[in-house]
Amino acid sequence: DAEITQSPRHKITETGRQVTLACHQTWNHNNMFWYRQDLGHGLRLIHYSYGVQDTNKGEVSDGYSVSRSNTEDLPLTLESAASSQTSVYFCASSENSRDDEQYFGPGTRLTVT
Amino acid sequence: GQNIDQPTEMTATEGAIVQINCTYQTSGFNGLFWYQQHAGEAPTFLSYNVLDGLEEKGRFSSFLSRSKGYSYLLLKELQMKDSASYLCAASQTGANNLFFGTGTRLTVIP
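Residues numbered from 1 in each chain as written. Chains lettered and ligands numbered in written order. Predicted model: local features only at pLDDT ≥ 70, side-chain atom pairs only at ≥ 80, totals over all residues. Heavy atoms only, no water.

## So, the overall build of chain A
Point 1. A tally of regular secondary structure across chain A gives zero helices and eleven strands.
Point 2. Against the globule reference of 13 Å for 113 residues, chain A gives a C-alpha radius of gyration of 13 Å, in line with a compact fold.
Point 3. Each principal axis of the C-alpha distribution contributes one length, and for chain A these read about 35 × 30 × 25 Å.
Point 4. For chain A, with 113 residues in total, the buried portion stands at 47%.
Point 5. Just so you have it, chain A exposes about 5,400 Å², and 42% of that area is on carbon and sulfur atoms.
Point 6. If the 9 positive side-chain charges of chain A are averaged to one point and the 14 negative ones to another, these points end up 9 Å apart. (Helix = DSSP H or I, 4+ residues; strand = E, 2+ residues; numbered from the N terminus. Rg over C-alpha atoms; globule rule 2.2 N^0.38 Å. Buried < 20%, exposed > 50% of the residue type's maximum accessible area, 1.4 Å probe, protein only. Areas by Shrake-Rupley, 256 points an atom, 1.4 Å probe, with all protein chains shown as cover. Lys, Arg positive; Asp, Glu negative; His and termini not counted. Charge placed at Lys NZ, Arg CZ, Asp CG, Glu CD.)

This is how it looks when you write it as structure tokens:
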């Protein structure tokens, strides 16, 4: 069955370190998204991609970067982790258009100490 | 700009009906999604409305009024497993991403 996976599921890191969160989908979806979810803020969009070599900034992109070298993967990198980036991170994918539902990965809980 | 409002919390009784409202102000609005999220889990798709009116899917129905910037999710015959957060999200013309509200946490009590 097609799926979307994230790794690691839990991560503790120190302030200033670079961290990469992996996202892999096997639906062959064109669109991929990264969100963070914090109490009181709901899901906020960090970066998104509409296809290979395409990346775009979302509403909370500062301190994060992504790259899309193939259809299946959209890794999220925190260049220099900060305590404000402690959060739960969700990756999602959708087929093509704005009318297509997004499928979410299981999430990564990141703690920056 | 984007703004989506939902009540923060609701409580309802097992077997009853509950309506969760969502109002939105979204530039270039296209359609309205509802997702369910159980604690500690990923959101899962419930419904999508792009035209005005009611869409029924089993115990769950969703309504949209584009002129009023308003949607609701109706849950019938509530079950304990319906205790979860319900997220309202708007899609826009010219973009494939969503803008989410903060979610409504529903607690179903016996």
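## Details of the sheet that holds strand β8 (residues 76-78) of chain A
Residue and element names in this part refer to chain A.
Point 1. The strand order across the open sheet formed by four strands is β1-β3-β8-β7, and the pairing between neighbours is antiparallel. Edge positions in the sheet fall to β1 (4-7) and β7 (64-66), since each of these pairs with one other strand and no more. Taken pair by pair, the neighbouring strands of this sheet meet at an average axis angle of 20°, ignoring direction.
Point 2. In this sheet, β8 lies alongside β7 in antiparallel orientation, the contact comprising three bridges. What sits directly across from S65, in β8, is T77. (Pairing = 2+ DSSP bridges. Axes fitted to C-alpha atoms, helices over the stretch in contact; angles between N-to-C directions.)

## Describing the interface of chain B and chain A
How big an interface is tends to be stated in terms of accessible area lost as the parts join.
Point 1. The interface is formed by 22 residues belonging to chain B together with 23 residues belonging to chain A.
Point 2. At the boundary of chain B with chain A, total buried surface from both sides reaches about 1,700 Å², with 53% on carbon and sulfur atoms.
Point 3. If you sort the residues of chain B by the area they bury against chain A, N96, N97 and F100 of chain B come out on top, with a joint share of 32%.
Point 4. At the junction of chain B with chain A, the criterion picks out six residue pairs in polar contact (both at pLDDT 80 or more). (Contact = heavy atoms within 4.5 Å. Buried area = accessible area lost by both parts, 1.4 Å probe. Polar contact = N/O pair within 3.5 Å; in protein donor to acceptor, adjacent residues only side chain to side chain.)

## Some remarks on the state of the cysteines
Residue and element names in this part refer to chain A.
Point 1. Tallied over the full model, the rule gives two disulfides over all chains.
Point 2. One disulfide bridge connects C23 with C91, the sulfur atoms lying 1.8 Å from each other. Negative torsions about the S-S bond denote left-handed disulfides, and the value of about -70° found for C23 with C91 makes this one left-handed. Note that C23 is positioned in strand β3 (residues 19-25) and C91 in strand β9 (residues 87-94), a separation of 68 residues in sequence.
Point 3. What makes C23 buried here is its relative accessible area of 1%.
Point 4. Residue class for C91 comes out buried when judged on its relative accessible area of 0%. (Disulfide = S-S within 2.5 Å.)

## Focus on the nonpolar core
Point 1. Judged by nonpolar contacts, the single largest core of 22 residues is most densely connected at I4, L32, W34, L75, L78, Y86 and L106 of chain B.
Point 2. Breaking this core down by element, the ones donating at least two residues are β3 (18-26), β4 (29-37), β7 (60-65), β8 (70-75), β9 (84-92) and β11 (104-109) of chain B.
Point 3. With residues near it in sequence (within four places) discarded, L75 of chain B still touches A16, I17, V18, I20, R59, F60, D82, Y86 and L106 of chain B.
Point 4. Within the second largest apolar cluster, 18 residues are counted, among which are C23, L76, Y89 and V112 of chain A. (Core = buried A, V, L, I, M, F, W, Y, C linked by side-chain atoms within 4.5 Å.)

## Focus on the pattern of salt bridges
All names here are of chain B.
Point 1. One pass over the structure, following the stated rule, counts five salt bridges over all chains.
Point 2. With its nearest N and O atoms 3.5 Å apart, the salt bridge here joins K76 to E56. On the criterion of sequence distance, the pair formed by K76 in the loop between β8 and β9 and E56 in strand β6 (residues 53-57) is long-range, its members being 20 residues apart.
Point 3. Judged by relative accessible area, which is 26%, K76 ranks as partly exposed.
Point 4. The exposure class of E56 is exposed, given its relative accessible area of 56%.
Point 5. Across the pair R59 and D82 runs a salt bridge whose closest N-O atoms are separated by 2.8 Å. Taken as a pair, R59 in the loop between β6 and β7 and D82 in the loop between β8 and β9 lie far apart in primary sequence, 23 residues in all. (Salt bridge = Lys/Arg side-chain N within 4 Å of Asp/Glu carboxyl O.)

Keep in mind these values describe shape, not function.
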